[in-house]
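Below, each chain spelled out in residue letters.
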Amino acid sequence: MTQQKLTTPEELFHYQLRSARTMEDHSLEALDVLHGAAKDAKIKKLFSHHADETREQIAKLEQVFGLMGFDVTTAPSPSTTGISKQAESLLERSDAQLHDCVALASALGNEHFEISAYQGLILQAGSLGSADAAKLLEENLDQETHTSEELRAALQELLS
Ligand SMILES: [Fe+2]
């Protein structure tokens, strides 16, 4: 099948929004795996709290589709597929006593990817003239940034 080329900034934004929708599904799946792998109750709580936030982020992304007049569909997100695979492979090859460290570091990597995805989408939404879409995406970015800070602090505490 021939791939349809994206030819306008709006088509590019739509495609990347669809990939972001998949990215958040991958996050939910990964958070479930990391929650299962973590030993420390505080770390487990951090993952389950962010899973709740991720469900809110999915709802906001779907609102952005609506604001832009797009159908809610998904597109591949090979980067987050890879981040999840790397986390699972590192968990498999490490002792259970290292799993809190692996889980936090892997989640931190995922958050940083999500931060970059939202930073791009916010600028694109602004440039397409949708301040409302940009605002919703900013709310997601703020949660990802906050989570990345919490993960980093938890990792620092674990390793000190
Ligand atoms: Fe997220």
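Residues numbered from 1 in each chain as written. Predicted model: local features only at pLDDT ≥ 70, side-chain atom pairs only at ≥ 80, totals over all residues. Heavy atoms only, no water.

Chemist: Explanation requested: a nonpolar patch on the surface in the structure shown.
Modeler: On the surface, L6, L12 and Y15 cluster together into a nonpolar patch covering about 230 Å² of accessible area. In this structure L12 comes out as partly exposed when scored by relative accessible area, which is 37%. (Patch = residues over 30% accessible without salt bridge, like charges linked within 9 Å, V, L, I, M, F, W, Y side chains within 5 Å. Areas by Shrake-Rupley, 256 points an atom, 1.4 Å probe, with all protein chains shown as cover. Salt bridge = Lys/Arg side-chain N within 4 Å of Asp/Glu carboxyl O. Buried < 20%, exposed > 50% of the residue type's maximum accessible area, 1.4 Å probe, protein only.)

Chemist: Whenever I open this one, the coordination of the iron ion confuses me. Can you help?
Modeler: Working reference: metal with six octahedral donors, ideal angles 90 or 180 degrees; metal with four tetrahedral donors, ideal angle 109.5 degrees. Within the protein, the iron ion binds to E24 (OE), E24 (OE), Q57 (OE1), E114 (OE) and E144 (OE); these donor distances fall in the range 2.1 to 2.6 Å. We note that the donor set of the iron ion lies within a single chain, spaced as E-x32-Q-x56-E-x29-E. In this pair, E114 is assigned in helix α4 (residues 99–127) and E144 in helix α5 (residues 131–159), connecting sequence segments 30 residues apart. Like E114, the residue E144 is buried in the burial classification. (Donors = N, O, S within 2.8 Å, 3.2 Å for Na, K, Ca; no water. Helix = DSSP H or I, 4+ residues; strand = E, 2+ residues; numbered from the N terminus.)

Chemist: Explanation requested: helix α2 (residues 41–68) in the structure shown.
Modeler: In an α-helix, one turn spans 3.6 residues, which is why side chains three or four residues apart end up on the same side. An ideal rise of 1.5 Å per residue puts 40 Å on 28 residues; α2 measures up with 41 Å between its terminal C-alpha atoms. Backbone nitrogen of K42 and a side-chain oxygen of the N-cap are separated by 2.8 Å at the start of α2; the cap is D40. After α2 finishes, the residue G69 shows a positive phi value of roughly 75°. (Expected span 1.5 Å × (residues − 1). Polar contact = N/O pair within 3.5 Å; in protein donor to acceptor, adjacent residues only side chain to side chain.)

Chemist: Help me understand the packing of aromatic side chains in this model?
Modeler: The description of an aromatic ring pair uses the distance of the two centres, along with the angle that the planes make with each other. Within this structure, the stated rule accounts for one aromatic pair. Ring geometry for F13 versus F70: centroids 6.4 Å apart, planes at 50°, classification tilted. Taken together, the residues span a long stretch of sequence, with F13 in helix α1 (residues 9–37) and F70 in the loop between α2 and α3 (78–92) at a distance of 57 residues. You'll find F13 and F70 in the same group, each marked buried. (Phe/Tyr/Trp six-rings, centres within 6.5 Å; stacked < 30°, edge-to-face > 60°.)

Chemist: How do you make sense of the nonpolar core when you look at a structure like this?
Modeler: Most often, soluble globular proteins have nonpolar side chains that are buried together. Judged by nonpolar contacts, the single largest core of 19 residues is most densely connected at F13, L17, V64, Y118, L121 and L137. Secondary-structure elements contributing two or more residues to this core are α1, α2, α4 and α5. Apart from residues lying up to four places away in sequence, L121 is in contact with F13, Q16, L17, A20 and L137. Ranked by size, the runner-up nonpolar core spans 17 residues in total, among them F47, A51, V102 and A154. (Core = buried A, V, L, I, M, F, W, Y, C linked by side-chain atoms within 4.5 Å. Contact = heavy atoms within 4.5 Å.)

Chemist: Would you take a moment to explain the side chain of S148 for this structure?
Modeler: You can see S148 is positioned in helix α5. A relative accessible area of 7% means that S148 is categorised as buried. Of the polar contacts made by the side chain of S148, one reaches the backbone oxygen of T145; its length is 2.8 Å.

Chemist: Whenever I open this one, α4 confuses me. Can you help?
Modeler: For α4, spanning 29 residues, the distance from its first C-alpha to its last is 42 Å, which sits close to the expected 42 Å at 1.5 Å a residue. Of the residues flanking the end of α4, it is G129, one or two places downstream, whose phi is positive at about 85°.

Chemist: What exactly am I supposed to notice about the pattern of salt bridges here?
Modeler: Pairs can form between side chains of opposite charge whenever their charged atoms are close. This structure, assessed with the given rule, holds six salt bridges. Between E62 and R21 there is a salt bridge whose closest N-O contact spans 2.8 Å. Taken as a pair, E62 in helix α2 and R21 in helix α1 lie far apart in primary sequence, 41 residues in all. A relative accessible area of 12% places R21 in the buried class. The shortest N-O distance in the salt bridge between R55 and D52 comes to 3.2 Å. Taken together, the positions of R55 and D52, both in helix α2 and three residues apart, correspond to about one turn of that helix.

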